[in-house]
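This is what each chain is made of:
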Amino acid sequence: MKFALGQAVLRTEDPRLLTGRGRYTDDFILPQLAHAYVLRSPHAHAQIRAVDIRAAQQLPGVLAVLTGEDWAAEKFGAPQPTIPRQRRDGSPMFVPPRPALVKNRALLVGDPVAFVVAETIDLAKDAAERIAVEYEPLPSVTAAEAALLDNAPRLWQECRDNECFFFTLGDRRAVEAAFARADHVTRLKLVFNRVTAATMEPRGCIGKWDDRLGRFTLYVGTQRPHTTRADLARRILHIPETQLRVVAGEVGGSFGMKGGHYPEYALALWAARKIGRPVKWIAERGEGMLTDDHDRDHVSEAELALDRDGHFLALRVRNVSNIGAYLAPGGIISPTMHLGGLAGTYTTPAIYVEVSAVFTNTTSIGPYRGSGRPEASYVVERLIDNAAREIGIDRAELRRRNTVPANAMPFKTGLVYTLDCGEFGQNLDRALDMSDYAGFERRRDEARRRGKLRGIGFANIIEQTSQAQGETVMVRIDSGGTVTVIPGSISHGQGHETMYKILLSNRLGLDEAAIRVAHSDTDLAPDGGGTYASRTAVLGGSAAAMAADKIIAKARKIAAHAMEAAEADIEFSGGIFCVAGTDRVISLPEVAQAAYMPSRLPPGLETGLYEVASFSPEIPNFPNGCHVCEVEIDPETGATQMLRYTVVDDVGTVINRLTLAGQIHGGIAQGIGQAFSEHLVYDKQSGQLLSGSLMDYGLPRAGEVPFFATDENPVPTKTNPLGVKGAGEAGNVGALAAIMNAVVDALSPLGVGHIDMPATPEKVWRAISAARHPDGR
């Protein structure tokens, strides 16, 4: 079957994945495989006075027991952030050391203290129980704002105020001047609940040492194999990259969480070299909840200034971001890398934001789907809704008055972004029409007669994607005419195999069955930035198309030689070369056969039909859209039911309509989780994680997810050859704001102006009770 762009194509990888034939990290079985368990600190903050491993070492079947003392003796390195930030005095941000095994002090519950390797995982656990660790508990702090108090416990002696960095962006003077002349100012304090990815496949790895070749192999679920290799080899193990191979296999979900390095990866490799056998470590669910990078966890104080006609004059935001006990390499992203999203799709001329990133005795944060983008949209869209109520303008109309018109492109926003294209007003109007916004008040009245509270919320969204690091793809046609695609990116649920098959089937005119995608191995792909930030269709897709074009150009020379015609007279379409104006033709598979036979090639042309292309525009594109959500609340219980959800999205050229819908649906579902139930809660006194299992951490259930009505309003971008914009995070970017605007709208007749996520039944019920009984009775 031949594919064309924009069709709804079933994912070709799904049959193996849905029938249990995928190969994930835990499915790799190597000869003489040993198993590892990590002994972790039970304290949020404690001095480690002594670690006695003798009883563990004496247990039969135990192969190694490694401690922080052992790690320090090796003089290994540590992962480092690549994005510079500064403290308030202009000095570089404080980057604390993060050993794979702590030696003198534990800084969070779950800090790794010892690495136990044994013949079986149960033996490793038994041995870990025999390790005697003498702890001296210390005071801890887990909340962002509390970490900045004068009497807060200090995590690092070198950072006495707990502030890792202080970041500002925008024109402060222009914003202050705009606020001074504003006719109205809307203010909100918003608290973002800490969340985790909770992927279907937990983190895990297998470290292997080949003494014959003097080379490591790491089998690991990662979304960035080449970056993982570079970080481990150069920064931690201090070896050449050629001495480390990274094999990812299938990756059972990531959402950004598996994008960076974790201590267990280096530990497994180190232990494998020590015992001369492969070492496997697989996180248990509770262990993953505790130690996987978390995200969000910000406190925002935001203000929107408007003139008497409702035009936005300025936006001012102050954020405190909880980055955890250590600064993870990706810990800078959510707090600072997507603040341009605060401009939204609006003409706000002046924006200023401050970010204070603070250390606490919690797990480090890293990217999670959207990674700063959902937070930015949430801030501005919640402000707009409240502003509309305060000044008495319809919420949709207030947005229309301030929306960037399509004829203003390219448009320089009030913060960072220069938008290249988009029809934002049309997105809003189509989404409101699809959701019957005009008839909402009738539905609200009907719900009120039933004793229910009904609300509708919407959010215009925009995000920046796909500009950094580039992507490389090799396309190879063998002598039989079949194609192998080797991308540097990797799928962790997005359907990349199908995407590459669609692109190359469309470009080369070949049946998808003749196209194979080989990925997930740094020994195969020459380079790759990885899969994150909605970038693969843009960067990897463009690189694949460019490589295919190079192949067609070379094949045209061979076809011209074979048909004894001028190269300029050769036309290519649908996998066939023909001489213009004649019936002489030769197929691409026939040309491929000739390409490997020197006697059939024109003079000076090398054998083979394979090309490599890289695409690195360093110019972002801007997916955008509008989300509309309708909810109903039972005031007696506080339970919220989502009734309808509508999305109009602009992701540029659509490659696969089916997987686009899947990406949007999945992102919204994760937004539903954060809006209503997901929350990593730490005990304020002990620093213990209280929601560290799926019994306590509220992932959304299928029954809580409504039907999604989706439509597309594609405006192709000129920033890449395909005209595509990133789609992987769009659902999540709009969901938080649309859902919570709907919840607050339902509560607004009672005088409730805001409620923080997650909007649990208890929290909603308490808000209703407080509104009805302000005197507390």
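Residues numbered from 1 in each chain as written. Predicted model: local features only at pLDDT ≥ 70, side-chain atom pairs only at ≥ 80, totals over all residues. Heavy atoms only, no water.

Draft legend 1. Here's a closer look at the overall build of the protein chain. A count of helical and extended segments in the protein chain gives 20 helices and 28 strands. Against the 2.2 N^0.38 benchmark of 28 Å for 777 residues, the protein chain shows a C-alpha radius of gyration of 28 Å, consistent with a compact globule. The principal-axis extent of the C-alpha atoms belonging to the protein chain is close to 95 × 75 × 50 Å. The buried share of the protein chain, reckoned over its 777 residues, is 60%. Each charge sign in the protein chain was given a centre, from 83 positive and 92 negative side chains, and these centres are 1 Å apart. (Helix = DSSP H or I, 4+ residues; strand = E, 2+ residues; numbered from the N terminus. Rg over C-alpha atoms; globule rule 2.2 N^0.38 Å. Buried < 20%, exposed > 50% of the residue type's maximum accessible area, 1.4 Å probe, protein only. Lys, Arg positive; Asp, Glu negative; His and termini not counted. Charge placed at Lys NZ, Arg CZ, Asp CG, Glu CD.)

Draft legend 2. Structural context of the pairing of strand E27 (residues 640-650). The pairing of strand E26 (residues 624-633) with E27 spans ten bridges and is classified as antiparallel. Opposite Gly 625, over in E27, you have Asp 649 as the bridge partner. Judged from the five bridges that link them, E27 and strand E28 (residues 708-712) form a sheet pairing that is parallel. Residue pairing for E28: Val 648 is matched across the bridge by Asp 711. A crossover links E27 with its parallel partner E28, the connecting element being helix H18 (residues 657-676), and its sense is right-handed. (Pairing = 2+ DSSP bridges. Right-handed = clockwise from strand over helix to strand, strands pointing away.)

Draft legend 3. The arrangement of the side chain of Thr 484 in detail. Residue position: Thr 484 is located in strand E20 (residues 483-487). By relative accessible area, Thr 484 is classed as buried at 10%. Dropping the residues within four chain positions of it, Thr 484 is found in contact with Met 474, Val 475, Arg 476, Arg 516 and Ala 518. (Contact = heavy atoms within 4.5 Å.)

Draft legend 4. Up close: the pairing of E26. Across the ten residues that make up E26, a large majority, ten, are buried. Because side chains alternate across E26, one face comprises the buried residues Asn 624, Cys 626, Val 628, Glu 630 and Glu 632, and the other comprises Gly 625, His 627, Cys 629, Val 631 and Ile 633, equally buried. Note: strand E18 (residues 453-462) against E26, ten bridges, orientation antiparallel. Residue pairing across strands places Ala 459 opposite His 627, the latter belonging to E26. Here E26 folds back onto E27, and the loop between the two strands holds six residues, one of which, Gly 638, carries a positive phi near 80°.

Draft legend 5. Spatial organisation of the packing of aromatic side chains. Scanning the entire structure with this criterion turns up 15 aromatic pairs. A centroid spacing of 4.6 Å and a plane angle of 55° characterise the contact between Trp 209 and Phe 216, whose relative ring orientation is tilted. Relative accessible area serves as the criterion here: at 19%, Trp 209 is assigned to the buried category. With 5.1 Å between their ring centres and 50° between their planes, Tyr 417 and Phe 622 make a pair best called tilted. Note that Tyr 417 is positioned in the loop between strand E16 (411-412) and strand E17 (418-419) and Phe 622 in the loop between strand E25 (610-615) and E26, a separation of 205 residues in sequence. The exposure classification of Tyr 417 matches that of Phe 622, with both residues buried. (Phe/Tyr/Trp six-rings, centres within 6.5 Å; stacked < 30°, edge-to-face > 60°.)

Draft legend 6. Structural detail: unusual backbone geometry. Residue Met 409 is joined to Pro 410 through a cis peptide bond whose omega torsion reads -5°. Inspection of the secondary structure puts Pro 410 in the loop between helix H12 (395-402) and E16. Cis geometry is adopted by the peptide bond preceding Pro 758, which originates at Met 757 and carries an omega value of -10°. The topology assignment puts Pro 758 in the loop between helix H19 (730-747) and helix H20 (761-772). Even without being a glycine, Ser 520 presents a positive backbone phi close to 75°. Classification of Ser 520 as buried rests on a relative accessible area of 6%.

Draft legend 7. Structural detail: the pattern of salt bridges. This model, assessed by the stated rule, comprises 61 salt bridges. The residue Arg 296 makes a salt bridge to Asp 295 at a minimum N-O spacing of 3.5 Å. In this structure Asp 295 comes out as buried when scored by relative accessible area, which is 0%. Note that Arg 318 and Glu 303 form a salt bridge whose closest N and O atoms lie 3.6 Å from each other. (Salt bridge = Lys/Arg side-chain N within 4 Å of Asp/Glu carboxyl O.)

Draft legend 8. Representation of the sheet that holds E25. Strands sit in the order E21-E20-E19-E25 across an open sheet of four strands; the sheet is mixed. For this open sheet the edge positions go to strand E21 (515-517) and E25, each flanked by a neighbour on one side alone. If you compare each strand with its neighbour and ignore which way they point, the axes differ by 20° on average. Relative to E21, E20 runs parallel, the two sharing three bridges. Within the sheet, the bridge partner assigned to Val 485 lies in E21 and is Val 517. In the packing of helix H15 (residues 496-508) onto the sheet, the strands contacted are strand E19 (471-477), E20 and E21, and the crossing angle to E21 comes to about 145°. (Axes fitted to C-alpha atoms, helices over the stretch in contact; angles between N-to-C directions.)

Draft legend 9. Here's a closer look at the nonpolar core. Core analysis: the largest hydrophobic core is formed by 94 residues, its most contacted members being Leu 342, Phe 359, Tyr 645, Ile 739 and Leu 747. The greatest single-element share of this core, amounting to 13 residues, is contributed by H19. Excluding residues that lie within four positions of it along the chain, Ile 739 makes contacts with Cys 629, Met 642, Tyr 645, Gly 671, Ile 672, Ala 675 and Phe 676. (Core = buried A, V, L, I, M, F, W, Y, C linked by side-chain atoms within 4.5 Å.)

Draft legend 10. The state of the cysteines, seen in detail. In the structure shown here, the tally under the stated rule is zero disulfides. Cys 164 takes part in no disulfide bond, and the closest cysteine sulfur, belonging to Cys 159, lies 6.7 Å away. Cys 164 gets classed as buried once you look at its relative accessible area, which sits at 0%. Looking at the unpaired Cys 629, the closest cysteine sulfur is the one in Cys 626, lying at 12 Å. On the basis of relative accessibility, which here comes to 0%, the residue Cys 629 falls in the buried class. (Disulfide = S-S within 2.5 Å.)

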